[in-house]
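Results of the structural survey
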Amino acid sequence: MNVELPGGTLAITLVLIFAALVGLIIFMKSVYTKRTEKALQGDYKDPDNANKSYIANRAKYEALDVFGLSPTFFNFGLALAVGVSLLAFGWTQYTDAIIIPAGALELDEEIEMEPPRTAEPPPPPPPPPPPVIEEVPEEDMIEEEPPPFEDMSVDEETVMEEVVKEVVKDEGPPPPPPPPPPPPAPKEEEIFKVVEQMPLFPGCDVSAAYAEQKACADKKMLEFIYGNIKYPAIARENGVEGMAVVAFVVEKDGTVTDAKVVRNPGAKTGEEALRVVELMNSEGKKWVPGKQGGRNVRVQFNLPVKFKLE
């Protein structure tokens, strides 16, 4: 027995069942209230017990037999329990169909973009220009008078300690040591564009062949992209269609970094595609990293996202 009920139909059915139960309870309460009133008025079917008190007689008369409908209520409750169980097992939550456009991973032209630069040492500075030799015009040599002779001899009365102090005082403090050389810049690993095994979206069997993994990973990635994409309202109102391209780097641990829009049709479509790509890290979608020579490497990935109005 195949019973499929969406959430709205199930909710309406449960409300109707609850309303029917409430109505049944109110109806049976009114019935037993009337029977109780008749019993209090002495409406007994057994004339032999007419002189007895109401307390002694109420359990003996059919009008006050509350267990007379027990089999009926039991069967009704059993049918109700089976019906609610069938409704619970038949509840089906439908998900919106994900529409993936044809050729979703095909780029109509090669995206030319500069790969992320790695930290390289700066080029050496250019050599200084050669000095300019200026010609000095010949001038008549002017004979200068020699400086007057100054007697620098030390007499016997000169104390040598004062001479040493003056010499030390003239030399001044020693120069400070040279500063240490700057530490070398951290070396960033190379980012590849094409490797032996390209990165794969998670969620597939890693023990299968690479071709099967790639087909499954492409399908999972497209379902994730077009299942989370929201057509921007401004683009829908203005009829903007096109293909946005988001470039990002799949790191060695499978995380997505350096995501940026390299082609933007406009009207917030590029920003929406970038939002969905950045959603991978927040939802824990770690890629299977690319491999080159048997080791994990950083790989640049270009993802096209097509926007098409239905």
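Relevant structure appears above.
This report concerns the structure included in the present document. (Residues numbered from 1 in each chain as written. Predicted model: local features only at pLDDT ≥ 70, side-chain atom pairs only at ≥ 80, totals over all residues. Heavy atoms only, no water.)

1. What to know about the nonpolar core
Ile225, Phe248, Trp287 and Leu303 are the most contacted members of the largest nonpolar core, which has 29 residues in total. Of all the secondary structure elements, the ones that give two or more residues to this core are helix 5 (210–228), strand 2 (242–250), helix 7 (269–282) and strand 5 (295–307). With near-sequence residues (within four places) excluded, Ile225 lies in contact with Val276, Met280, Leu303 and Val305. (Core = buried A, V, L, I, M, F, W, Y, C linked by side-chain atoms within 4.5 Å. Buried < 20%, exposed > 50% of the residue type's maximum accessible area, 1.4 Å probe, protein only. Helix = DSSP H or I, 4+ residues; strand = E, 2+ residues; numbered from the N terminus. Contact = heavy atoms within 4.5 Å.)

2. A few points about a nonpolar patch on the surface
Together, Phe74, Leu78, Val82 and Leu86 give the surface a local cluster of nonpolar side chains, amounting to about 400 Å² of exposed area. In this fold, Phe74 is placed in helix 3 (residues 70–90). For Phe74, a relative accessible area of 58% translates into the label exposed. (Patch = residues over 30% accessible without salt bridge, like charges linked within 9 Å, V, L, I, M, F, W, Y side chains within 5 Å. Areas by Shrake-Rupley, 256 points an atom, 1.4 Å probe, with all protein chains shown as cover. Salt bridge = Lys/Arg side-chain N within 4 Å of Asp/Glu carboxyl O.)

3. Some points on the side chain of Glu251
Looking at the secondary structure, you find Glu251 in the loop between strand 2 and strand 3 (256–263). Not counting residues up to four positions away in its chain, the partners in contact with Glu251 are Thr257, Pro289, Val297 and Arg298.

4. So, the packing of aromatic side chains
Tallying each qualifying case throughout the model produces six aromatic pairs. Plain terms: the ring middles of Tyr231 and Phe307 are 5.6 Å apart, the flat faces sit at 90° to each other, and that makes the pair edge-to-face. In this pair, Tyr231 sits in the loop between helix 5 and helix 6 (233–237) while Phe307 sits in strand 5, placing the two residues 76 residues apart along the sequence. Each member of the pair, Tyr231 together with Phe307, is buried. Both rings, one in Phe248 and one in Trp287, keep their centres 5.7 Å apart while their planes meet at 65°; by these two values the pair is edge-to-face. Here Trp287 lies in the loop between helix 7 and strand 4 (290–292) and Phe248 lies in strand 2, a separation of 39 residues in the sequence. (Phe/Tyr/Trp six-rings, centres within 6.5 Å; stacked < 30°, edge-to-face > 60°.)

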